[in-house]
Amino acid sequence: RNKRIHDVAPRDTLDRAAFVLAFLFGAVGGVILKLLGAHPLVSASYAAIILILYAIVAWAGGRIKIEPETIGDNCYYLGFLFTLSSLAYTLYQMADPTLNGGRAVDIPEVISGFGVALSSTIFGVFLRVLMMQLRPDFVAKDREVRADINRAFEDFRKNMSGMLSHMK
């Protein structure tokens, strides 16, 4: 019997857990990097690395393995969630000067924060497009299988005709 938690198969639970963990590591790590004053490229690279790691785990993860199309969609959603998290923190920085040692946030810092935020969405979209290119072409596979079936049936028919002629 297949055990289910809240009517979700264990395989689906692992998929969702991987997604949630990637989100938590990406969002929290991005905010921590901003708090530490990391260079914007480091923050943007961190989000990209989390997205790549999620895609690799989802692609080759044994029981977690899911379809490329779904992985691509999830990468896009993760990138967008990282963007929203980064934007929210950047806006919070503007509203609470105590985060910046009592000084107001400079406009270049805000622009940089928005740039880092948007980079994760851009990279998520890139991974989505990449994964869409890796998905199987179902129409071509269907056409190929139908052609194989037609050839096999034609061979079968010829063999049956030959057997019938030998019997006669």
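Everything numeric in this text was worked out from a predicted model, so none of it was measured. (Residues numbered from 1 in each chain as written. Predicted model: local features only at pLDDT ≥ 70, side-chain atom pairs only at ≥ 80, totals over all residues. Heavy atoms only, no water.)

With that out of the way, let us pick up the overall build of the protein chain. Along the backbone of the protein chain there are 5 helices and 0 strands. In sequence order, the protein chain lays out its α and β elements as α-α-α-α-α. A buried classification covers 30% of the 168 residues belonging to the protein chain. In the protein chain, once contacts between residues fewer than 6 apart in sequence are set aside, the share between residues at least 24 apart is 70%. About 11400 Å² of surface is accessible on the protein chain, with carbon and sulfur atoms providing 67% of the total. (Helix = DSSP H or I, 4+ residues; strand = E, 2+ residues; numbered from the N terminus. Buried < 20%, exposed > 50% of the residue type's maximum accessible area, 1.4 Å probe, protein only. Contact = heavy atoms within 4.5 Å. Areas by Shrake-Rupley, 256 points an atom, 1.4 Å probe, with all protein chains shown as cover.)

We now examine a nonpolar patch on the surface. There is a patch of nonpolar side chains on the surface, built from Val 20, Leu 21, Leu 24, Phe 25, Val 28, Ile 32 and Leu 36 and spanning about 680 Å² of accessible area. In this fold, Ile 32 is placed in helix 1 (residues 10–35). Taking relative accessible area as the criterion, Ile 32 reaches 43% and is therefore assigned partly exposed. (Patch = residues over 30% accessible without salt bridge, like charges linked within 9 Å, V, L, I, M, F, W, Y side chains within 5 Å. Salt bridge = Lys/Arg side-chain N within 4 Å of Asp/Glu carboxyl O.)

Our next topic: the packing of helix 2 (residues 40–60) against helix 4 (residues 107–134). Their axes nearest at 9 Å, the elements helix 2 and helix 4 cross at an angle of 25°. The pairing of helix 2 with helix 4 is recorded here as roughly parallel in orientation. As for how helix 2 packs across helix 4, the hand of that crossing is right-handed. On helix 4, the residues touching Pro 40, Ser 43, Ala 44, Ala 47, Ala 48, Leu 51, Ile 52 and Trp 59 of helix 2 are Ser 112, Val 116, Ser 119, Ser 120, Phe 123, Gly 124, Leu 127, Met 131 and Leu 134. A per-class count over the contact of helix 2 with helix 4 returns 12 nonpolar, 5 polar and no charged. (Axes fitted to C-alpha atoms, helices over the stretch in contact; angles between N-to-C directions. Parallel < 35°, antiparallel > 145°, perpendicular 65-115°, else oblique. Left-handed = near helix turned anticlockwise from the far one by under 90°. Nonpolar A, V, L, I, M, F, W, Y, C, P; charged D, E, K, R; others polar.)

Working note: α-helix, 3.6 residues per turn, so residues spaced by three or four point in the same direction. Between its first and last C-alpha, helix 4 extends 41 Å over 28 residues, near the 40 Å set by a 1.5 Å rise per residue. Taken residue by residue, helix 4 has Val 110, Gly 113, Val 116, Ala 117, Ser 120, Thr 121, Gly 124, Leu 127 and Met 131 as its buried positions. (Expected span 1.5 Å × (residues − 1).)

Counting residues in each nonpolar core, the largest one holds 16 residues, and the members touching the most others are Tyr 54, Ile 71, Cys 75, Leu 78 and Phe 82. Secondary-structure elements contributing two or more residues to this core are helix 1, helix 2, helix 3 (68–95) and helix 4. Element by element, the count of residues in this core is highest for helix 2, at 6 residues. Once you skip the residues sitting within four places of it in the chain, Leu 78 turns out to touch Phe 19, Ala 22, Phe 23, Leu 51 and Tyr 54. (Core = buried A, V, L, I, M, F, W, Y, C linked by side-chain atoms within 4.5 Å.)

Below, the discussion takes up the side chain of Ser 85. By the element assignment, Ser 85 lies in helix 3. Among the residues examined, Ser 85 registers a relative accessible area of 18% and is labelled buried. If near-sequence neighbours (up to four positions away) are discounted, Ser 85 is found in contact with Phe 23 and Ala 27.

Evaluation of the coordinates by the stated rule reveals 3 salt bridges. One salt bridge connects Arg 128 with Asp 73, and the closest N-O pair in it is separated by 2.7 Å. Remark: Asp 73 occurs in helix 3 and Arg 128 occurs in helix 4; sequence separation between them is 55 residues. Note that Arg 151 and Asp 148 form a salt bridge whose closest N and O atoms lie 2.2 Å from each other. Here Asp 148 and Arg 151 lie together in helix 5 (residues 138–167), a separation of 3 residues that amounts to about one turn.

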